[in-house]
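A look at the structure
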Amino acid sequence: MWKTDGMLILASQSATRKALLAGAGLRFETSPAQIDERRLEAEVLGKGGDAPAVARRLAEAKALSVSLARRGVVIGADQVLAVEGELLHKPGNLIAAAAQLDRLAGRTHFLHAGLALAEAGQLLWSGTSSASLTMRRFGAAERDQVLALEGAAVLASVGAYRLEGPSIQLFERIDGDYFTILGLPLLPLLEALRQHAPATLTQ
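Residues numbered from 1 in each chain as written. Predicted model: local features only at pLDDT ≥ 70, side-chain atom pairs only at ≥ 80, totals over all residues. Heavy atoms only, no water.

1. Some words on the overall build of the protein
Of regular secondary structure, the protein possesses 7 helices and 7 strands. The secondary structure elements of the protein, listed N-terminal to C-terminal, are β-α-β-α-α-β-β-α-β-β-α-β-α-α. Principal-axis analysis of the C-alpha atoms places the extent of the protein at approximately 50 × 40 × 25 Å. In the protein, the share of contacts with a sequence separation of at least 24, taken over all contacts with a separation of at least 6, comes to 67%. Working note: accessible area of the protein is about 9600 Å², and carbon and sulfur atoms make up 51% of it. (Helix = DSSP H or I, 4+ residues; strand = E, 2+ residues; numbered from the N terminus. Contact = heavy atoms within 4.5 Å. Areas by Shrake-Rupley, 256 points an atom, 1.4 Å probe, with all protein chains shown as cover.)

2. A closer look at the packing of helix H2 (residues 37–46) against helix H3 (residues 51–67)
The interhelical angle for the contact between H2 and H3, taken along N-to-C directions, is 135°, at an axis separation of 9 Å. Compared by their axis directions, H2 and H3 come out oblique. Where H2 crosses over H3, the handedness of that crossing is right-handed. Judged by residue contacts, Glu37, Leu40, Glu41, Val44 and Leu45 of H2 engage Ala53, Val54, Arg57, Leu58, Ala61 and Lys62 from H3. Grouping the constituent residues of the contact of H2 with H3 by class yields 7 nonpolar, no polar and 4 charged. (Axes fitted to C-alpha atoms, helices over the stretch in contact; angles between N-to-C directions. Parallel < 35°, antiparallel > 145°, perpendicular 65-115°, else oblique. Left-handed = near helix turned anticlockwise from the far one by under 90°. Nonpolar A, V, L, I, M, F, W, Y, C, P; charged D, E, K, R; others polar.)

3. Looking at the packing of aromatic side chains
This model, assessed by the stated rule, comprises 2 aromatic pairs. Ring centres of tyrosine 161 and phenylalanine 171 lie 4.9 Å apart, and the angle between their planes is 80°; on these two criteria the pair is classed as edge-to-face. Here phenylalanine 171 lies in strand S7 (residues 171–175) and tyrosine 161 lies in the loop between helix H5 (140–150) and S7, a separation of 10 residues in the sequence. By relative accessible area, tyrosine 161 is classed as buried at 5%. (Phe/Tyr/Trp six-rings, centres within 6.5 Å; stacked < 30°, edge-to-face > 60°. Buried < 20%, exposed > 50% of the residue type's maximum accessible area, 1.4 Å probe, protein only.)

4. Remarks on the nonpolar core
The biggest cluster of nonpolar side chains holds 23 residues, and the ones touching the most others in it are Leu81, Leu101, Leu133 and Tyr161. Residue assignment for this core shows that the elements contributing at least two residues are strand S3 (73–83), helix H4 (94–104), strand S6 (122–135) and H5. Here this core gets 4 residues from one element, more than from any other, and that element is H4. Once residues within four sequence positions are removed from consideration, leucine 81 is found in contact with Glu86, Leu87, Leu88, Leu104, His109, Phe110, Leu111, Val158, Gly159 and Tyr161. The next biggest cluster of nonpolar side chains, apart from the first, holds 20 residues, and it includes Leu10, Leu190, Ala192 and Ala197. (Core = buried A, V, L, I, M, F, W, Y, C linked by side-chain atoms within 4.5 Å.)

5. Here we look at the pattern of salt bridges
Under the counting rule described, the total for this entry stands at 16 salt bridges. Across the pair arginine 143 and aspartate 102 runs a salt bridge, and its minimum N-O distance is 2.6 Å. A residue pair is termed long-range when its members are at least 10 positions apart, and arginine 143 in helix H5 and aspartate 102 in helix H4 qualify at 41 residues. The exposure class assigned to aspartate 102 is partly exposed, which follows from its relative accessible area of 36%. Two residues, arginine 162 and glutamate 150, come together in a salt bridge whose shortest N-O distance is 2.6 Å. With arginine 162 in the loop between H5 and S7 and glutamate 150 in helix H5, this residue pair connects regions lying 12 residues apart in the sequence. (Salt bridge = Lys/Arg side-chain N within 4 Å of Asp/Glu carboxyl O.)

6. Description of the layout of surface pockets
Each pocket or cavity is described by its volume, and for the largest pocket that value is around 700 Å³. Around the largest pocket, the lining comprises 36 residues; the ones closest to its centre are Gln79, Lys90, Ala156, Ser157 and Val158. At the level of elements, helix H1 (15–23), H2, H3, S3, strand S4 (86–88) and helix H6 (178–182) are the ones that each hand at least two residues to the lining of the largest pocket. Here the lining of the largest pocket takes 4 residues from S3, the largest share from any one element. Class assignment for the residues of the lining of the largest pocket results in 18 nonpolar, 9 polar and 9 charged. (1 Å grid on protein atoms, 1.4 Å probe; cavity = no way out; pocket = protein on both sides within 12 Å on 5 of 7 lines; lining within 4 Å. Points joined across faces, edges and corners; volume = space filled by probe spheres on them.)

7. Concerning the environment of leucine 21
When you line up the elements, leucine 21 lands in helix H1. We classify leucine 21 as buried; its relative accessible area is 0%. For leucine 21 and leucine 10, which are 11 residues apart along the polypeptide, the C-alpha to C-alpha distance reads 9.0 Å. Apart from the residues within four sequence positions on either side, leucine 21 is in contact with Leu10, Leu26, Phe28, Ile75, Leu184, Leu186 and Leu189.

Spelled out as structure tokens, the structure:
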């Protein structure tokens, strides 16, 4: 099991990301970042950047923002969903979630997870990991049944679904790292911590 000697901070209140870090045996604190995600997204896209570049930029901004206010190594993470050249965002309610699922039905979409480490306002490392997911074609009745089982939990997901929940019934194919799909690619994160912040990880 991992033990932490240095201070590790997650710049997020995501229950999934917190559970993944805790499951990996890491001790950490949380401090959500306050950034204008849509403005940064527009800046990256306006300069010709793609969806992975957006995810990476958002993760960097979160890590840097929190690192200016907190002592320790800060983990920034963000996830971007792209389908047929369009970026989708978290739905605001279950009606919007239903529309989001209809948009994804019968199509392949991509999840790009950005990660970054920062300390004292300096970027230590950043990267991205991607996965592709294909949903089956399904009707409104099946969609609504899944949403009824999931409830408001899907509103925390950029895709309006949870692979660890009943939403898995809507999928046909998944290619990629499971942790990337959940929004925190653990293996590259742990490797980055070993290389750039070894004080946070000791066996």
